[in-house]
Amino acid sequence: MAQFDNWPPFQDFSFQQFQFPVDRYEEWKAGRMVASGEVHFNIFFKYNKGGFLNRKVGIDVLIDRNPMPKKIISQMKFDRATTSGERILFYIAAERTNVENASLSMLSSVLGYTRGHKYYDSNEPIFASVFTINHNVAKVSFTFGNPDRLIEFY
């Protein structure tokens, strides 16, 4: 498999709306694959740039025809998109939250908080990661913190 694109660290990332067609998934807990299978749906990403009075950015993510709503919610919002190594990372950095995650804490300390508080349900991801090859989306993953797990879509 080709190598993922490498992005400079911690650069704000804006984009046009895009979709990613999914054909299969893998779910991971504690470094072990616990589920996988064939699925067919689209994930849509939409970047909402703040206006003149409201400079706040927002990223909407929609899983169209979500076949696994108990594992992952169908609609989610993130406050920021930033580059980080081989991924574009979407996240919310809240001062108070019900999850503990070292990567989220590190991002908050380096880039600052995006809001005062955020409560995550068990099927709501704390991160979305987009991996590209030659600037085309090759994989999308979602990281959960309540409990810790990862779902990758190809």
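One structure accompanies this document, and this report is about it. (Residues numbered from 1 in each chain as written. Predicted model: local features only at pLDDT ≥ 70, side-chain atom pairs only at ≥ 80, totals over all residues. Heavy atoms only, no water.)

**Details of the overall build of the protein chain**
And then number 1: Assigned secondary structure in the protein chain consists of one helix and eleven strands.
And then number 2: Of the regular secondary structure in the protein chain, the N- to C-terminal order runs β-β-β-β-β-β-β-α-β-β-β-β.
And then number 3: Radius of gyration (C-alpha) of the protein chain: 15 Å, near the 15 Å computed for a compact globule of 154 residues.
And then number 4: Dimensions of the protein chain along its principal axes, counting C-alpha atoms only, are 45 × 35 × 30 Å.
And then number 5: Out of the 154 residues in the protein chain, the part that is buried amounts to 45%.
And then number 6: Contacts in the protein chain between residues at least 24 apart in sequence constitute 50% of all its contacts with a sequence separation of at least 6.
And then number 7: Counting only carbon and sulfur atoms, one obtains 49% of the accessible surface of the protein chain, whose full area is about 8600 Å².
And then number 8: Both charge centroids of the protein chain, one from 18 positive and one from 16 negative side chains, sit 4 Å from each other. (Helix = DSSP H or I, 4+ residues; strand = E, 2+ residues; numbered from the N terminus. Rg over C-alpha atoms; globule rule 2.2 N^0.38 Å. Buried < 20%, exposed > 50% of the residue type's maximum accessible area, 1.4 Å probe, protein only. Contact = heavy atoms within 4.5 Å. Areas by Shrake-Rupley, 256 points an atom, 1.4 Å probe, with all protein chains shown as cover. Lys, Arg positive; Asp, Glu negative; His and termini not counted. Charge placed at Lys NZ, Arg CZ, Asp CG, Glu CD.)

**A word on the packing of aromatic side chains**
And then number 1: Counted according to the given criterion, the structure contains eleven aromatic pairs.
And then number 2: Relative to Phe-45, the ring of Phe-18 lies with its centre 4.8 Å away and its plane at 10 degrees, an arrangement referred to as stacked. Of this pair, Phe-18 sits in strand S1 (residues 18-29) while Phe-45 sits in strand S2 (residues 32-48), placing them 27 residues apart in sequence.
And then number 3: On the basis of relative accessible area, Phe-45 is assigned to the buried category, the value being 0%. (Phe/Tyr/Trp six-rings, centres within 6.5 Å; stacked < 30°, edge-to-face > 60°.)

**Brief notes about the sheet that holds strand S11 (residues 148-153)**
Remark on secondary structure: sheet strands pair via backbone hydrogen bonds, oriented parallel or antiparallel.
And then number 1: Within the open sheet, the nine strands sit side by side as S4-S3-S2-S1-S11-S10-S9-S6-S5. Their pairing is antiparallel. A strand with exactly one partner marks an edge of an open sheet, and here the two such strands are strand S4 (75-78) and strand S5 (80-84). Between one strand axis and the next, the sheet turns by 30 degrees as a mean value, whatever way the strands run.
And then number 2: Alignment of S1 against S2, held across eleven bridges, turns out to be antiparallel. Pairing of Tyr-25 across the sheet is with Gly-37, part of S2. (Pairing = 2+ DSSP bridges. Axes fitted to C-alpha atoms, helices over the stretch in contact; angles between N-to-C directions.)

**Brief notes about the pairing of S4**
And then number 1: A one-sided burial pattern is seen for S4, the buried positions being Met-76 and Phe-78 and the unburied ones Gln-75 and Lys-77.
And then number 2: Two strands pair when backbone bridges link them, and strand S3 (residues 58-64) and S4 are joined in this way by four bridges, in the antiparallel orientation. Looking across to S4, one finds that Ile-59 is bridged to Phe-78.

**Here's the deal with unusual backbone geometry**
Most peptide bonds adopt trans geometry, and most residues besides glycine take a negative phi value.
And then number 1: Residue Pro-147 is reached from Asn-146 by a cis peptide bond, and omega for that bond is 5 degrees.
And then number 2: Topologically, Pro-147 is positioned in the loop between strand S10 (136-145) and S11.
And then number 3: The backbone phi angle of Phe-10 is positive, close to 60 degrees, even though this residue is not glycine.
And then number 4: On the basis of relative accessible area, Phe-10 is assigned to the partly exposed category, the value being 30%.
And then number 5: Of note, the phi angle at His-135 is positive, near 65 degrees, even though the residue is not glycine.
And then number 6: Considering the arrangement of structural elements, one finds His-135 in the loop between strand S9 (127-133) and S10.
And then number 7: A residue is classified by how much of its surface remains accessible, and His-135, at 58% relative accessible area, is exposed.

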